[in-house]
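The chain contents come next:
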Amino acid sequence: MTTNRTDRTDHAVTLGGAAPAPGDHIGVFHRGRAERDRLLVPFLAEGPLGG
């Protein structure tokens, strides 16, 4: 099945100011849930914006 997404906008997703390339893996060290959320929530929130 092919999906035609004409509403998609190419957008660089960043993590700490760096834009990982498609296929890159990201590892994050954190202490506790609050630090995890501070690091990852902005990154995860950008995903839907990037399509």
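This text follows the structure it describes.
These lines cover the structure that appears in this document, whether it is placed above or below. (Residues numbered from 1 in each chain as written. Predicted model: local features only at pLDDT ≥ 70, side-chain atom pairs only at ≥ 80, totals over all residues. Heavy atoms only, no water.)

**Describing the overall build of the protein chain**
(1) Moving on: From N to C terminus, the protein chain includes 1 helix and 0 strands.
(2) Moving on: Here the protein chain holds 51 residues, and the buried ones make up 4% of them.
(3) Moving on: Total accessible area on the protein chain stands at roughly 4,600 Å², and carbon and sulfur atoms take up 55% of it. (Helix = DSSP H or I, 4+ residues; strand = E, 2+ residues; numbered from the N terminus. Buried < 20%, exposed > 50% of the residue type's maximum accessible area, 1.4 Å probe, protein only. Areas by Shrake-Rupley, 256 points an atom, 1.4 Å probe, with all protein chains shown as cover.)

**Digging into the pattern of salt bridges**
(1) Moving on: Tallied over the full model, the rule gives 2 salt bridges.
(2) Moving on: R38 is the salt-bridge partner of E35, the closest N and O atoms lying 3.7 Å from each other. Separated by 3 residues within a single helix, E35 and R38 lie in helix 1 (residues 32-50), roughly one turn from each other.
(3) Moving on: The exposure class of E35 is partly exposed, given its relative accessible area of 26%.
(4) Moving on: Using a relative accessible area of 56% as the deciding quantity, one classes R38 as exposed.
(5) Moving on: For R36, the salt bridge goes to D37, with nearest N and O atoms at 2.9 Å.
(6) Moving on: Residue classification places D37 among the partly exposed residues on the basis of a relative accessible area of 33%. (Salt bridge = Lys/Arg side-chain N within 4 Å of Asp/Glu carboxyl O.)

**Focus on the environment of F29**
(1) Moving on: Mapping F29 onto the fold places it in the segment before helix 1.
(2) Moving on: Taking the C-alpha atoms as reference points, F29 and L39, 10 residues apart in sequence, are found 9.3 Å from one another.

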